[in-house]
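Structural overview for review
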Amino acid sequence: MSPFSHFLHELRMRRGIRQVELAEMTGYEQSYISALEVGLKGPPTQDFVDKLVQALSLSPAEAIEAQAIAEASDRKLVLSHRSPQDVYWLLKDLREHLDRLHPS
């Protein structure tokens, strides 16, 4: 589960709203909300984060947190064309071992 999936689910639970209600509040489909929460979609679009902030009247600190969490949930990495070869090889090794890594 991505950081944003967890964040969105916890935020919705704390506010006591259902997915369908959040969908109505943000103008997105309930299926999109569900897909975000279970990690099938992600990271969310900037538009979604903005609408979430507005719909739930998140504080400035919560808005910054939501944006940071959305960015941390990005599954893709884009390297600069100036990246040295060592970085490419390091990332290749990381991809090959990612499923066996432990957070510690």
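These notes cover the structure that comes with them. (Residues numbered from 1 in each chain as written. Predicted model: local features only at pLDDT ≥ 70, side-chain atom pairs only at ≥ 80, totals over all residues. Heavy atoms only, no water.)

1. Quick word on the overall build of the protein chain
Quick reminder of the rule: Counting from the N terminus, the helices are DSSP H or I runs at least four residues long and the strands are E runs at least two residues long. Only protein chains enter the calculation, and the probe is 1.4 Å; a residue is then buried if its accessible area is under 20% of its type maximum, exposed if over 50%, and partly exposed in between. For the accessible areas, the method is Shrake-Rupley and the probe is 1.4 Å, while residue cover comes only from the protein chains on display. Charge assignment in this entry is limited to Lys and Arg as positive and Asp and Glu as negative, and neither His nor the chain termini are counted. Charge positions come from single atoms, namely NZ of Lys, CZ of Arg, CG of Asp or CD of Glu.
Counting secondary structure elements, the protein chain contains six helices and zero strands. Beginning at the N terminus, the succession of helices and strands in the protein chain can be written as α-α-α-α-α-α. With respect to the three principal axes, the spread of C-alpha positions in the protein chain is 45 × 30 × 25 Å. Looking at the protein chain as a whole, 31% of its 104 residues are labelled buried. Summed over all atoms, the accessible surface of the protein chain reaches about 7400 Å², with 56% contributed by carbon and sulfur. Here the protein chain contributes 12 positive and 15 negative side-chain charges, whose respective centroids are spaced 4 Å apart.

2. Points about the side chain of arginine 12
Our working definition: In what follows, residue pairs with any heavy atoms lying within 4.5 Å of each other are defined as contacts.
Relative to the helices and strands, arginine 12 resides in helix H1 (residues 3-15). Of the residues examined, arginine 12 reaches a relative accessible area of 7% and is grouped as buried. Not counting residues within four places of it along the chain, the set of residues in contact with arginine 12 comprises Ile17, Arg18, Gln19, Leu22 and Glu37.

3. Considerations on a nonpolar patch on the surface
Basically, it comes down to this: A patch consists of residues exposed above 30% relative accessible area that lack any salt bridge, with like charges linked at up to 9 Å and nonpolar side chains (Val, Leu, Ile, Met, Phe, Trp, Tyr) linked at up to 5 Å. One side-chain nitrogen of Lys or Arg within 4 Å of one carboxyl oxygen of Asp or Glu is enough to make a salt bridge.
Residues Leu94, Leu98 and Leu101 make up a contiguous nonpolar surface patch of about 280 Å² in total accessible area. The topology assignment puts leucine 101 in the segment after helix H6 (85-97).

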